[in-house]
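A look at the structure
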Amino acid sequence: MCICARVRENEVRAAIKLGARCEESVGEACGAGTNCGSCLDRICDMIEEESADTLVGVSA
């Protein structure tokens, strides 16, 4: 996921599930996206995916 900080996708997803809702808060939680920034688009996508999953769970 984030090569610069050696952060795996599951670590980013865990940070999002624990409440990180923007790239900066993901970076604070696990370090992803804090160096070159090439993974920031993917982090945003993951935040949106998790938000959509949460909304689906709420309405069900």
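Placed above this text is the structure.
Below, the structure is looked at part by part. Predicted model, so just to flag it, every value in this text is computed and none were measured.

Mapping Ser25 onto the fold places it in helix α2 (residues 23-30). Taking the C-alpha atoms as reference points, Ser25 and Ala15, 10 residues apart in sequence, are found 8.4 Å from one another. A distance of 3.1 Å separates the side chain of Ser25 from the backbone nitrogen of Arg21, its partner in a polar contact.

Those residues of helix α1 (residues 9-17) that fall on the buried side of the exposure criterion are Val12, Ala15 and Ile16. Taken end-on, α1 shows its buried residues confined to a sector of 100 degrees, consistent with a single buried face. Away from the buried face of α1 by more than 90 degrees, exposed residues Asn10 and Lys17 are located. Directly after α1, the chain includes Gly19, whose backbone phi takes a positive value near 125 degrees.

Basis of the calculations
Residues numbered from 1 in each chain as written. Predicted model: local features only at pLDDT ≥ 70, side-chain atom pairs only at ≥ 80, totals over all residues. Heavy atoms only, no water. Helix = DSSP H or I, 4+ residues; strand = E, 2+ residues; numbered from the N terminus. Polar contact = N/O pair within 3.5 Å; in protein donor to acceptor, adjacent residues only side chain to side chain. Buried < 20%, exposed > 50% of the residue type's maximum accessible area, 1.4 Å probe, protein only. Arc of directions from axis to C-beta.

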